[in-house]
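If you want the building blocks of each chain, they are given just below.
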Amino acid sequence: MADTKTTRPTNVEARLRATARAPWLSDWGKRALNLDYEEVGLQSPVVTSHRIAELGDGLKDVVNLSAGGQIHRDPPQFVMDAVRQAVDEKRFHYPGVRGDGDLRVALAEKLACDNGIQADPDTEILPTIGAQMPIDGAIRLLVNPGDDVLLLDPEYASIEPVVRGYGGNVISVPAHDTPSGWVFDPDDVRKRVTPKTKLFAFSNGHNPTGLLFSREQLHAIADLAHKHGFWIFSDEEYEKLVFDGRKHTSIAALPGMFERTVSAYSFSKAYCMSGLRIGYMAAPAAFMDHMYNVIRFEAQAVGALGQRAALAVLRGPSEEWLRPVIADLQADRDYLVARLNAMPHVRAHTPVGCYFVYARVDRDVPSWELAERLLLEARISVISGTNCGRSGKHYLRLSGCVGRQRLVEGLDRMERMMKTL
Ligand SMILES: Cc1ncc(COP(=O)(O)O)c(C=O)c1O
């Protein structure tokens, strides 16, 4: 018999709550807990982030529809070969804070060719631990306590706690759920700019809605950044995972924007190598001199094997490898959206800029409770919308990247449960 008791504190959660005011804990540690969510009747996504994992511990046969990576797929053979070769070459020692020179040259060529960004490989590009390290680095180096940071709501879960940790004020810019799909209106940014605005941070393609920002929208943001003097953090984790033949545009490629943009990229998702923890960032040299210090003091260097794997992607036939992968993911995306829309109480739009579907569930059950019930009663794991922002009380994020077999099984289970809600 399934244990259907929900919203109970878990071990880590209990400890986090018990220490939330501890005198020894820094302001960073306290602020990053996002406990202010609970003052407005939501659940803190940070404090409760272990709940699903702990509830799921020991549960058998859970279908994971929350995964961010393509867990059913191996990286390209030429990437695995490069890692093997790096082991044979005994690349086990510190690679240097700046990373491998040949990798940075290849990254500069890729940025110029694919993104239209001219960045100097010696001073304006650094390999990083995924695109996650640049989130922390950019915010740490740009945001002072009391600065306003404009963030879409919803947005990738990791950005808000980091902004709060460094004392920034999160100013939410809504993405609109309209009958014809998710809509971003740059005018919503304009309305929220103040003299305290330091940064606009966003993911493009957008996790979780799958929005892909148009050139016109990016121009509008760029105009505001120029006019009001704020910086941009552009998280382009999903740049290669774009559907329907659409083209991804990097805001740093727009006139005058490289000078005020920190762009982050990753090999994790497209090439199924999230475990190698390799990404990179590009920004003006004056900023990168400080990012060098962040990497040096925080991590000493970025893993040597991941850097060789990244070089293999850049120098190998990765576009050819990616083409059928994208076709598969696009078919799975269509299947996921169709199945969700056929369920009672559920409404989903078709994502273009990544493989997540951010679905609305019109039921009087908050998303965090629904996610727990889906796990305990239906044995599927999904992400509660409140992980992605305050507007997420009635949304769930589901991954279309876990393979068709898991999708079919997971959605069958979800459908059965939705019929009982
Ligand atoms: C938008 C976005 N940025 C960054 C990351 C971090 O991933 P990684 O550090 O593996 O590149 C993720 C992972 O889910 C993501 O969705």
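Residues numbered from 1 in each chain as written. Predicted model: local features only at pLDDT ≥ 70, side-chain atom pairs only at ≥ 80, totals over all residues.

Here we take up the packing of helix α5 (residues 101-115) against helix α11 (residues 304-315). Packing of α5 against α11 leaves a shortest axis separation of 10 Å and a crossing angle of 40°. For the element pair α5 and α11, the recorded crossing hand is left-handed. Contacts from Asp102, Leu103, Ala106, Leu107 and Lys110 of α5 reach α11 at Gln307, Ala310, Leu311, Leu314 and Arg315. When its residues are assigned to classes, the contact of α5 with α11 shows 6 nonpolar, 1 polar and 3 charged. (Axes fitted to C-alpha atoms, helices over the stretch in contact; angles between N-to-C directions. Helix = DSSP H or I, 4+ residues; strand = E, 2+ residues; numbered from the N terminus. Left-handed = near helix turned anticlockwise from the far one by under 90°. Contact = placed C-beta atoms within 7 Å. Nonpolar A, V, L, I, M, F, W, Y, C, P; charged D, E, K, R; others polar.)

Turning next to the pairing of strand β4 (residues 169-174). Looking at chain direction, strand β3 (residues 148-153) and β4 are connected through 6 bridges and run parallel. Counterpart to Val149 in the pairing with β4 is Val170. (Pairing = 2+ DSSP bridges.)

Once that is clear, we can look at the sheet that holds strand β11 (residues 346-347). Sheet architecture is open: 4 strands sit in the order β11-β12-β15-β14, paired in antiparallel fashion. Among the strands making up the open sheet, the edge pair consists of β11 and β14 (383-384). Two elements, β14 and strand β15 (residues 395-399), share 2 bridges in a ladder whose sense is antiparallel. What sits directly across from Ser384, in β15, is Leu396.

Another aspect to go through is the domain arrangement of the protein chain. In terms of domains, the protein chain is made up of domain 1 (11-73 + 321-418) and domain 2 (77-317). The straight-line distance from the C-alpha centre of domain 1 to that of domain 2 is 23 Å. Every contact between the two is made by 35 residues of domain 1 and, on the other side, 37 residues of domain 2. Of all the secondary-structure elements, those providing two or more residues to the side of domain 1 that touches domain 2 are α2 (27-31), α12 (318-341) and β12 (356-361). Per element, the largest residue contribution to the side of domain 1 that touches domain 2 is 6 residues, and it comes from α12. By residue class, the composition of the side of domain 1 that touches domain 2 is 16 nonpolar, 12 polar and 7 charged. (Domains from an automatic or database assignment.)

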